Amino acid sequence: MRHIISVLMENEPGALSRVVGLFSQRNYNIESLTVAPTEDSTLSRLTVTTIGDDRVVEQITKQLNKLIDVVKVVDLTEGDHIERELMMIKLKANGQMRAEIKRTCDIFRGQIIDVTPNTYTVQLIGASDKLDAFIASLGNTTSIMEVVRSGVSGIARGEKVLSL
Amino acid sequence: MVVRALRDEGVKYIYGYPGGALLHVYDALFQQEDVQHILVRHEQAATHMADAYARATGKAGVALVTSGPGATNAVTGIATAFTDSIPMVVITGQVMSHLIGEDAFQETDMLGISRPIVKHNFSVQRAEDIPATIKKAFYIAQSGRPGPVVVDIPKDMTTPTDRFPYEYPKSVKLRSYNPISRGHSGQIRKAVDMLLQARRPVIYSGGGIVIGDASAELTELAQLLNFPVTNTLMGLGGYPGTDRQFVGMLGMHGSYEANMAMHHADLILAVGARFDDRVTNATDKFCPTARIIHIDIDPASISKTIRADVPIVGPSKVVLEEMVGLVKESSKKPDAQALDSWWKQIDEWRGRHGGHYRTDDSELMKPQQVIEMLSKVTNGDAYVCSDVGQHQMFAAQYYKFNKPNRWINSGGLGTMGFGLPAAMGVKMNFPDADVACVTGEGSIQMNIQELSTCKQYDLPVKILCLNNQSLGMVRQWQDMNYESRHSQSYMKSLPDFVKLVEAYGHVGMKVDKYADLEGAMREAFALKDRLVFMDIAVDPFEHVYPMQVPRGSMRDMWLSKTERT
């Protein structure tokens, strides 16, 4: 099963490599990874999506907690949560394709953020499966030139917070 | 500041080897007398000496090695300590900070190299942070589940002409690290209820009892309940080895009675142990009728390989103390009748195998006889520092450890070459104790250069080399699984060990006959101020038994070359 694990950790050199190293060392899988400082510049928030059964995910959270730089760990998928990922996708766009891409883009509430005579660059925000669906829906309309995805960020719904 | 911080931490000995990146530190060492530096002949030995000091005392040992090859030579020793949860602080020199990343002379990324084998590591970025960083290193190494901590110090952080205000912190607090100090009372209560209802219980204890200083509490609980106790390889000495309730080591080379008792148990109290693969055999066949209570300081050890019915996270000493109190208070008593028949069953198992081995199938001595003699000559009271291989298993099986911290071996990583430096580290700190290094002709040659260090610092350890002229454990597996194709497990051109140790300035003895063994061993231990190397010829065809059958349950064992359960 897919899990979204959120980690609050010290914003120190080497902290990220400890997390990434842990995953490779213990043979855990990383689907996506995002990291950036929080409003408190001494802390970073890292979100990792991983696939594993309950036993593996339990081990992942325990092993993450053992890292000295890690302050808190939560498996967001255990409760109600919101997940978002940002994608920028550069598409070949000329002739009739341009209108078709625009329509698909509107359906998905994407924005065209850069235009040349032959390309559109679309920005789309949503859960990962929505981004996948957008790519699938382009079908034969156009050809994809480049895709960049931010990886998943997540936050718990309601009043639950992950903080010091 | 490095040396001052070590002094203020109360460090008496550090083990190391100088080099370019550490010259400032070595100059500071030269100009004081509080911290004594022991010069080894290879950095691996420095880490093992520091590690063995920690195993014998519970306090973190300290190694000091230079950048580049000095640091990489220490890697095996750091990994050895990490796998066995041994507190250690390793200070590594580093090239000057402006050179980092430029492939400078003797530069390696020690933070990156050591990351998977340390509890934590630090790189000093500002010289004024040195005292606080060293304090944190000791705190992290020694608290919670202990482990090695590396402190990497670029050379320019130790420039003697740069002066900074120095203050060694009395204590440290880290917001991201709060080791647990006690177990969950509700869980402990629940566990005690289960203990009092058990009909076929076993206490399975590991290295957490030894390093967690919980031997007295474990012994009291076991004796209050009249439960059988088995120890892991790392846990030996955690419960008195000659006590009736002790059923021996468990696992791959565990005793018949320990493995049988585990397999048939209805309740297992696991404490300070981690259900590793050398204990459980096939996890899907592990102890089918048992409910499991698991006490460990590290939550990640619980339910990692075997699911615990009652997990208790906490220091073994504190949790066991609480359990003892609850058992004493309780109106319920253990089921005496059930325990009676359980003990009858265990004693029957004990009678069936009981560590029996043949002595009539070889002209040469049996390795087991050597260990039994060592146990006799030292009254089971020596520090036994072992290398890795068959001799290690024989020592674990046949030396009767009545006290914790006496059995010093590389259990998790299985590091050949550990034994001699370990014995040196212990002898240095316990000069009046008998310290034996049990080794083989393979292992000893992995760090034999340390005989020179022994001469320099007068470390009269006794080395028992069980010489079977082959890498015995490899050979045993080849006999059992590869139709005796002894690929690279035979050592041609062994040195004349007696002459070799004499060249280093020590005493060598060669023992070929069992009849001479006791006399020679007594003579060796009587030579209080000399290192004695006993080159003991043992049967090269001997195997370690019992041995669990691969992918079987706990009770599936070879008992000899011809008998199987």
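Nothing here was measured: the structure is a model prediction, and the numbers come from that model. (Residues numbered from 1 in each chain as written. Chains lettered and ligands numbered in written order. Predicted model: local features only at pLDDT ≥ 70, side-chain atom pairs only at ≥ 80, totals over all residues. Heavy atoms only, no water.)

**Student:** What am I meant to see in the environment of Pro165 of chain B here?
**Tutor:** In this structure, Pro165 of chain B sits in the loop between strand S6 (148-154) and helix H8 (185-197). In sequence terms Pro165 of chain B and Met1 of chain B are 164 residues apart; their C-alpha atoms lie 9.6 Å from each other. (Helix = DSSP H or I, 4+ residues; strand = E, 2+ residues; numbered from the N terminus.)

**Student:** Would you mind showing me how to read the sheet that holds strand S4 (residues 88-94) of chain B here?
**Tutor:** The strands making up a sheet are joined through hydrogen bonds of the backbone, oriented either antiparallel or parallel. Residues and elements named next belong to chain B. Strand order in the open sheet formed by six strands is S2-S1-S3-S4-S6-S5, with parallel pairing between adjacent strands. Every interior strand has two partners, whereas the edge strands, strand S2 (36-39) and strand S5 (120-123), have only one. In this sheet, neighbouring strand axes are inclined to one another by 20° on average, regardless of whether the strands run parallel or antiparallel. In this sheet, S4 lies alongside strand S3 (residues 61-65) in parallel orientation, the contact comprising five bridges. Bridge pairing links Val65 to Thr92 in S4. Against the sheet, helix H7 (residues 130-142) engages S3, S4, S5 and S6, with an angle of about 165° to S6. (Pairing = 2+ DSSP bridges. Axes fitted to C-alpha atoms, helices over the stretch in contact; angles between N-to-C directions. Contact = heavy atoms within 4.5 Å.)

**Student:** I tried to follow the domain arrangement of chain B on my own but got confused; where do I start?
**Tutor:** By a widely used convention, the size of an interface equals the accessible area lost when the partners come together. Residues and elements named next belong to chain B. Examined at the domain level, chain B breaks down into domain 1 (2-158), domain 2 (185-352) and domain 3 (367-544). Computed from C-alpha atoms alone, the centre-to-centre distance between domain 2 and domain 3 is 31 Å. Contact residues are listed per partner, giving 14 residues for domain 2 and 18 residues for domain 3. Buried area between domain 2 and domain 3, summed over both chains or domains, comes out near 1300 Å², and the portion from carbon and sulfur atoms is 64%. Ranking the residues of domain 2 by area buried against domain 3 places Leu233, Leu236 and His253 at the top, with a combined share of 42%. Where domain 2 meets domain 3, there are zero salt bridges. Summed over the shared surface of domain 2 and domain 3, the number is five residue pairs in polar contact (both at pLDDT 80 or more). Split by residue class, the side of domain 2 that touches domain 3 holds eight nonpolar, five polar and one charged. (Domains from an automatic or database assignment. Buried area = accessible area lost by both parts, 1.4 Å probe. Salt bridge = Lys/Arg side-chain N within 4 Å of Asp/Glu carboxyl O. Polar contact = N/O pair within 3.5 Å; in protein donor to acceptor, adjacent residues only side chain to side chain. Nonpolar A, V, L, I, M, F, W, Y, C, P; charged D, E, K, R; others polar.)

**Student:** For this particular structure, what's the right way to read the sheet that holds strand S18 (residues 532-537) of chain B?
**Tutor:** All names here are of chain B. Reading across the sheet, the six strands line up as S14-S13-S15-S16-S18-S17 and stay open at both edges, with parallel pairing between neighbours. At either margin of the open sheet sits one strand with a lone partner, and together these are strand S14 (407-408) and strand S17 (507-511). Of the strand pairs in this sheet, strand S13 (residues 383-386) and strand S15 (residues 435-440) are connected by four bridges, and their pairing is parallel. Across the sheet, Cys385 pairs through a bridge with Cys437, a residue of S15. Sheet strands in contact with helix H16 (residues 390-398) are S13, S14, S15 and strand S16 (462-467), and its direction is about 135° off that of S15.

**Student:** Can you help me understand the packing of aromatic side chains in this one?
**Tutor:** Remark: the centre distance and the inter-plane angle together describe each pair of aromatic rings, the angle taken between the planes. Residues and elements named next belong to chain B. For the structure on display, the rule yields 12 aromatic pairs over all chains. A ring pair is formed by Phe275 and Phe286, whose centres lie 5.8 Å apart and whose planes are at 80°; its orientation type is edge-to-face. Taken as a pair, Phe275 in the loop between strand S10 (267-271) and helix H12 (277-280) and Phe286 in the loop between H12 and strand S11 (291-296) lie far apart in primary sequence, 11 residues in all. Here Phe275 and Phe286 have matching classes, each one buried. Centroid distance Tyr383 to Phe430: 5.1 Å. Interplanar angle 25°. Geometry classified as stacked. Taken together, the residues span a long stretch of sequence, with Tyr383 in strand S13 and Phe430 in the loop between helix H17 (419-429) and S15 at a distance of 47 residues. Since its relative accessible area comes to 25%, Phe430 is described here as partly exposed. Here a set of aromatic residues connected by ring pairs shows up, and it is made of Tyr204, Phe275 and Phe286. (Phe/Tyr/Trp six-rings, centres within 6.5 Å; stacked < 30°, edge-to-face > 60°. Buried < 20%, exposed > 50% of the residue type's maximum accessible area, 1.4 Å probe, protein only.)

**Student:** Honestly, the UniProt feature "domain: ACT" (unreviewed entry) in chain A in this entry has me stumped. Any pointers?
**Tutor:** Residues annotated by UniProt as "domain: ACT" (unreviewed entry) correspond here to residues 4-78 of chain A. For residues 4-78 of chain A, the helix share is 32%, the strand share is 37%, and the end-to-end C-alpha distance is 9 Å. (UniProt positions renumbered as here; feature names shortened; annotations may be inferred.)

**Student:** How should the side chain of Thr415 of chain B be read in this particular structure?
**Tutor:** Residues and elements named next belong to chain B. Relative to the helices and strands, Thr415 resides in the loop between S14 and H17. For Thr415, a relative accessible area of 5% gives the class buried. Leave out the neighbours within four places in its chain, and Thr415 touches Gln44, His48, Thr76, Thr80, Asp387, Val388 and Ser410.

**Student:** What exactly am I supposed to notice about the UniProt feature "domain: Thiamine pyrophosphate enzyme TPP-binding" (unreviewed entry) in chain B here?
**Tutor:** In this structure's numbering, the residues bearing the UniProt feature "domain: Thiamine pyrophosphate enzyme TPP-binding" (unreviewed entry) are residues 387-535 of chain B. In residues 387-535 of chain B, helix accounts for 38% and strand for 15%; the two terminal C-alpha atoms are 15 Å from one another.

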